[in-house]
Amino acid sequence: MELPTTLVRELLTRALAEDLGSGDLTTQAVIPATAHVQAAFVFREAGLVCGLDIVATTFALVDPTLVVMPLVKDGAQVAPGTVVATVSGSARGVLIGERVALNLFQRMSGIATLAARYVAAVAGTKARILDTRKTTPGLRLLEKYAVRLGGAINHRFGLYDGVMLKDNHLAILATQGIGMGAAVQQARAAVGPMVRVEVEVETVAQAGEAAEAGADLIMLDNMPPEAMRAAVSLVQGRALLEASGGVTLERVRAIAESGVDYISVGALTHAARALDIGLDIA
């Protein structure tokens, strides 16, 4: 997955404008315009590096003369104390871009690191880890990139690239006398065979009904592993099965061993902790 340059620049331009406003009062007041520095991005804890291009683009937007030198590649697993990149040039430019660059670098690296932990926890099973739409508004592009870098898979990117019949859709349809099976068939007729149709279910029987109706993917919502195993047995490969709800690192292995195809983890993006990364002036 490559980040689209135009969208990234728009996102970073907004982020810089939010922080800079009418100008950096502190830097303008005390830092000489002629001062030059070199600073190092240092991982203060172990983790997966993610967002070096974002760092470089951030500083380029602040001052095109600033030079960012990556010392590792995105996806590298590094130990505490590792210098992963340097930035050199105008001291004012470095200070202005520092916070936006660090905020995004820390968040993306935290998400990638957490995703990698989930992927490692289910190694040896057929289950693949999925993200969700529980992302920070405005940062979905970067957060889903970080998920991919950590070895997990992106679920649909937004409302526009897949059908997902969730509990609220089904509740509204029920008031219109439309059951789950009919809803799946209606969705399939509307979007055609090339768009995946997924439906959320809460019981093993509903999973069987969804498979019979022709769903491509069935989300098993908050089911215990024994119920997931029963759903796997009942569906018998007629649809892919996704476990969802209350997934933690402690529980994910047991969920994977139920035989499901996917495990979606909202925590990858909504609860990932930003890694401790510093920008130290040499």
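Looking now at the layout of surface pockets. Considered as a void within the structure, the largest pocket measures approximately 380 Å³ in volume. Lining the largest pocket are 20 residues, with Thr132, Lys134, Lys166, Met219 and Ser244 positioned closest to its centre. Those elements giving two or more residues to the lining of the largest pocket turn out to be strand S9 (217-221), strand S10 (240-244) and helix H11 (267-270). Taken together, the residues of the lining of the largest pocket break down into 5 nonpolar, 8 polar and 7 charged. Lining the second largest pocket are Leu11, Arg14, Ala15, Glu18, Asp19, Arg99, Val100, Asn103, Leu104, Gly138 and Leu139. Looking at the lining of the second largest pocket, the elements with two or more residues in it are helix H1 (5-20) and helix H4 (91-121). Per-element accounting of the lining of the second largest pocket gives the leading share, 5 residues, to H1. Of the residues that constitute the lining of the second largest pocket, the class distribution is 5 nonpolar, 2 polar and 4 charged.

This brings us to the pairing of S10. Counting buried residues in S10 gives 4 out of 5 residues, a clear majority hidden from the surface. As judged from the 5 bridges shared by S9 and S10, these two strands associate in the parallel manner. What sits directly across from Leu217, in S10, is Leu240. Handedness of the β-α-β unit built from S9, helix H9 (residues 225-235) and S10 comes out right-handed. Pairing geometry for S10 and strand S11 (residues 262-264), over 3 bridges, is parallel. Bridged to Glu242 within S11 is Tyr262.

So, about the pattern of salt bridges. A complete count under the given rule lists 9 salt bridges for this structure. One salt bridge in this structure joins Arg107 and Glu143, with 2.7 Å as the shortest N-O distance. Here Glu143 lies in helix H5 (residues 140-149) and Arg107 lies in helix H4, a separation of 36 residues in the sequence.

Summarising burial for strand S5 (residues 83-90): 6 of the 8 residues are buried, a large majority. In this sheet, S5 lies alongside strand S1 (residues 36-43) in antiparallel orientation, the contact comprising 7 bridges. Looking at S5, one finds that Ala40 is bridged to Thr86. As paired strands, strand S3 (residues 67-70) and S5 are joined by 4 bridges and run antiparallel to one another. When the bridges of S5 are listed, Met69 appears paired with Thr86.

Let's shift gears to H5. The buried fraction of H5 is high, at 7 of 10 residues. All of the buried residues along H5 are Leu141, Leu142, Glu143, Lys144, Tyr145, Ala146 and Val147. Residues of H5 that are buried in the fold lie against H1, helix H3 (52-62), H4 and H11.

The next subject is unusual backbone geometry. The phi dihedral of Asn222 is positive, around 55°, even though this residue is not glycine. Although it is not a glycine, Gln236 sits at a positive phi angle of roughly 50°. Turning to its location among the elements, Gln236 is positioned in the loop between H9 and S10. On the basis of relative accessible area, Gln236 is assigned to the exposed category, the value being 67%.

With respect to the element layout, Glu10 can be found in helix H1. For the pair Glu10 and Ala271, spaced 261 residues apart in sequence, the C-alpha separation works out to 25 Å.

Along the polypeptide, Met1 turns up in the segment before H1. Judged by relative accessible area, which is 38%, Met1 ranks as partly exposed. Along the sequence, Met1 and Lys144 sit 143 residues apart, while their C-alpha atoms lie 9.4 Å from each other. Those residues in contact with Met1 that lie beyond four places of it in its chain are Leu141, Lys144, Tyr145, Arg148 and Asn154.

In this section: the sheet that holds S3. On the basis of which strands lie adjacent, the open sheet formed by 4 strands has the order S3-S5-S1-S12 and antiparallel pairing. The open sheet terminates on both sides in strands that have one partner only, identified here as S3 and strand S12 (277-281). In this sheet, adjacent strand axes meet at a mean angle of 20° when their direction is disregarded. Here H3 sits on the sheet in contact with S1, S3, S5 and S12, set at roughly 170° to S3. Across the sheet, H4 lies against S1, S5 and S12, angled at about 10° from S1, the strand it touches most.

Reading the values: the criteria
- Residues numbered from 1 in each chain as written.
- Predicted model: local features only at pLDDT ≥ 70, side-chain atom pairs only at ≥ 80, totals over all residues.
- Heavy atoms only, no water.
- 1 Å grid on protein atoms, 1.4 Å probe; cavity = no way out; pocket = protein on both sides within 12 Å on 5 of 7 lines; lining within 4 Å.
- Points joined across faces, edges and corners; volume = space filled by probe spheres on them.
- Helix = DSSP H or I, 4+ residues; strand = E, 2+ residues; numbered from the N terminus.
- Nonpolar A, V, L, I, M, F, W, Y, C, P; charged D, E, K, R; others polar.
- Buried < 20%, exposed > 50% of the residue type's maximum accessible area, 1.4 Å probe, protein only.
- Pairing = 2+ DSSP bridges.
- Right-handed = clockwise from strand over helix to strand, strands pointing away.
- Salt bridge = Lys/Arg side-chain N within 4 Å of Asp/Glu carboxyl O.
- Contact = heavy atoms within 4.5 Å.
- Axes fitted to C-alpha atoms, helices over the stretch in contact; angles between N-to-C directions.

None of this, on its own, says anything about what the molecule does.
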